[in-house]
Amino acid sequence: MTSLFNRVWHPVRSLLPVRADVRAMTRNPRRDLLAGLTVAIVALPLALGFGVSSGLGAEAGLATAVVAGALAALFGGSNLQVSGPTGAMTVVLVPIVAQYGPGGVLTVGLLAGAMLIALALLRAGKYMQYVPAPVVEGFTLGIACVIGLQQIPNALGVPKPEGERVLSVTWRAVEEFAQAPNWTAVTLAVSVAAIMLLGAHWKPTIPFSIVAVIAATVAAQLFHLDAAAPIGTLPAGLPAPSLGFLDPSALGSLLAPAVAVAALAALESLLSATVADGMTVGQKHDPDRELFGQGIANLAAPLFGGVPATAAIARTAVNVRTGARSRLAALTHAAVLAVIVFAAAPLVSRIPLAALAGVLLATAIRMVEVGALRAMVKATRSDAVILVLTAAATLALDLVYAVIIGLVVAGALALRAVAKQARMDQVDFIPDLPGGHSDEERALLAEHIVAYRIDGPVFFAGAHRFLLELSEVADVRVVILRLSRVSTMDATGALVLKDAVQKLNRRGIVVLSSGIRDGQLQVLRSTGTLELLRTEGRSYATTPEAIAGARAYLQGQGVLPPGAASEGPVSDDATHEGPVPAEPTARPSTEEALR
């Protein structure tokens, strides 16, 4: 029983906070406290905006920033990560809120949190490194476009039209604005976005998002801009944990959205942690602990009226740039936002929706790294195709489908590139002939024997391209296949090779092989190809031995005169393929040749 408990407890304990985390928070608390305050100022308008965009209201965004921000900081795998509501998660949540309401969000959050914890226990964090960079860049570009389009109704001051597809919703919002223009809302949104973008270029260290939002709110109050609709009443404090909206009957239909939320939380959080590591010296995140921390955060946030959360690259970058060194900064960010929820809810509720739309429009623009996109597009044609396709799928479909499509296309293009590396070349075997042959016999051998060297992988993606060419070789008596440079072979490649050999045999052409590697024996044996190649001892360790076997065959067929000059020992030079037996013979047995 103790042994079983240890096997279960040890993986869990490795994901929990350790004393080193606490010690790190006490080394330079002043610097971390200042960084946390700065991040909170930056995060406030974003949390409000993403809460509104999700459909659950600004209070949901604040609750998420406080609860998920604190728990992810405490249990996560990065010392510098800042979590909360994000634009990418909002994109996934909008259709869930529209179809299932708050209960659906709660259910999805609980399921996604459990999935993330399971991924952490399975040590799945390391697989993030296999996501190609063009997929990540295309995914980010698509999200930026979706976030920007989602803000159009509030930026134009029109009610958000019904629907899940962002392109159609945006178009209907533009049509409504054309019928009754609201230039006040447009002015506020454009002004806030302009202040943020220009201010970030002028003084990157100043949080211009909060400056712009405060200015827009003051202007709306002073000039009685009734067309600038405010956020609305916010509760003074976080609601008590509740499962009241949970609908067990909807679990089946919400499983797929939960998978999407969990996949997005894992992808964005691990990407953000990687970015944070790259911005610092000596920091390295634990991917499995990060998944665990995001799982805990996503279990808890919906219980307090929040939405599923993930790490936020923008807020994490601000945290690093302002000097954060430990988890204390992210915890401070959550604490400051909690104070705002309890003490300043009436003031926050007066912020115009158009101002928050301007914040998110500027955020979407800043998400697009033009330099990185240009580099990806110029790198290779495949990278450009993957990037554009992933971005388009993100915009037209949804985020999970977009990532899947990007990964599938990237995998297909990678296989295509690898398959192109495989080739089959006809090679001159005369230099491999042992001494003692006359010029006449060499000419006869060259007339009746052809040798091919196969290089690279022989697998499903490219085997048909060249192996079937074997069946079309000119009329010769013997074909020698040099296989020592085959790097890998799958069942498809072995079956295609078998088919080509059988076609040659039916034409009366004998096929000999040389240099079969140990790694290919199993697949050749399981498909029956090895047995075919071994027929009458026609598989050899080296090319010279195969040539000697071909010569003996031609002598037996009367093509070559019997009793030619004796052959010296086979030398182990650069043309040989595979180990040479200590005492080689002109025609070794199959077992001896394969040793």
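Owing to the predicted nature of the structure, the values given are computational and were not obtained by experimental measurement. (Residues numbered from 1 in each chain as written. Predicted model: local features only at pLDDT ≥ 70, side-chain atom pairs only at ≥ 80, totals over all residues. Heavy atoms only, no water.)

Draft legend 1. Just the overall build of the protein chain, in detail. Secondary structure assignment for the protein chain yields 26 helices and eight strands. Per-residue burial for the protein chain yields a buried fraction of 52% across its 595 residues. As displayed, the protein chain has an accessible area near 27,000 Å², and 62% of this comes from carbon and sulfur atoms. (Helix = DSSP H or I, 4+ residues; strand = E, 2+ residues; numbered from the N terminus. Buried < 20%, exposed > 50% of the residue type's maximum accessible area, 1.4 Å probe, protein only. Areas by Shrake-Rupley, 256 points an atom, 1.4 Å probe, with all protein chains shown as cover.)

Draft legend 2. Structural view of the confidence of the model for the protein chain. Here the protein chain shows a mean pLDDT of 80. Residues at 70 or above account for 84%. Contacts for the low-pLDDT stretch residues 564–595, under 50 throughout, to residues beyond four places or in other chains number 61 contacts. (pLDDT = per-residue confidence, 0-100. Contact = heavy atoms within 4.5 Å.)

Draft legend 3. The arrangement of the nonpolar core in detail. Among the nonpolar cores identified, the biggest contains 86 residues, and Leu48, Ile96, Val261 and Leu337 are the most heavily contacted of them. If sequence neighbours within four positions are ignored, Ile96 has contacts with Gly101, Gly104, Val105, Val108, Leu254, Pro257 and Val261. The next biggest cluster of nonpolar side chains, apart from the first, holds 26 residues, and it includes Ile454, Val458, Val479 and Leu483. (Core = buried A, V, L, I, M, F, W, Y, C linked by side-chain atoms within 4.5 Å.)

Draft legend 4. Representation of a nonpolar patch on the surface in the model. Side chains of Leu397, Tyr401, Ile404 and Val408 sit close together on the surface and give an oily, nonpolar patch of about 400 Å² of accessible area. Structurally, the position occupied by Tyr401 is in helix H19 (residues 399–421). (Patch = residues over 30% accessible without salt bridge, like charges linked within 9 Å, V, L, I, M, F, W, Y side chains within 5 Å. Salt bridge = Lys/Arg side-chain N within 4 Å of Asp/Glu carboxyl O.)

Draft legend 5. Quick look at the pairing of strand S4 (residues 449–458). Buried residues dominate S4, accounting for ten of its ten residues. In the sheet, strand S3 (residues 423–427) pairs with S4 via five bridges, with the strands oriented antiparallel. Residue pairing across strands places Val427 opposite Ala451, the latter belonging to S4. Two strands pair when backbone bridges link them, and S4 and strand S5 (residues 478–482) are joined in this way by five bridges, in the parallel orientation. Within S5, the position partnered with Ile449 by the bridge is Val478. (Pairing = 2+ DSSP bridges.)

Draft legend 6. Quick peek at the packing of aromatic side chains. The tally for this structure, following the rule as stated, stands at three aromatic pairs. Plain terms: the ring middles of Phe75 and Phe292 are 6.3 Å apart, the flat faces sit at 70 degrees to each other, and that makes the pair edge-to-face. On the criterion of sequence distance, the pair formed by Phe75 in helix H4 (residues 58–75) and Phe292 in helix H12 (residues 287–300) is long-range, its members being 217 residues apart. Residues Phe177 and Trp183 carry aromatic rings whose centres are separated by 5.2 Å and whose planes lie at 85 degrees to one another, so their mutual orientation is edge-to-face. Residue classification places Phe177 among the buried positions, given a relative accessible area of 12%. (Phe/Tyr/Trp six-rings, centres within 6.5 Å; stacked < 30°, edge-to-face > 60°.)

Draft legend 7. Main features of H12. Over its 14 residues, H12 runs 20 Å from end to end, which matches the ideal 20 Å to within 8%, given 1.5 Å per residue. Of all the 14 residues making up H12, eleven are buried; the element is thus mostly covered by neighbouring parts of the structure. Every buried residue belonging to H12 is among Asp288, Arg289, Glu290, Leu291, Phe292, Gly293, Gln294, Gly295, Ala297, Asn298 and Ala300, and all of these are buried. (Expected span 1.5 Å × (residues − 1).)

Draft legend 8. Representation of helix H14 (residues 328–343). For H14, which comprises 16 residues, the first-to-last C-alpha distance of 22 Å matches the rise-based estimate of 22 Å (1.5 Å per residue) to within 8%. Taken as a whole, H14 has its buried residues at Leu328, Ala329, Ala330, Thr332, His333, Ala334, Leu337, Ala338, Ile340 and Val341. Buried-residue contacts for H14 involve helix H2 (19–25), helix H3 (29–54), H4, strand S1 (83–84), helix H13 (313–321) and helix H15 (345–348).

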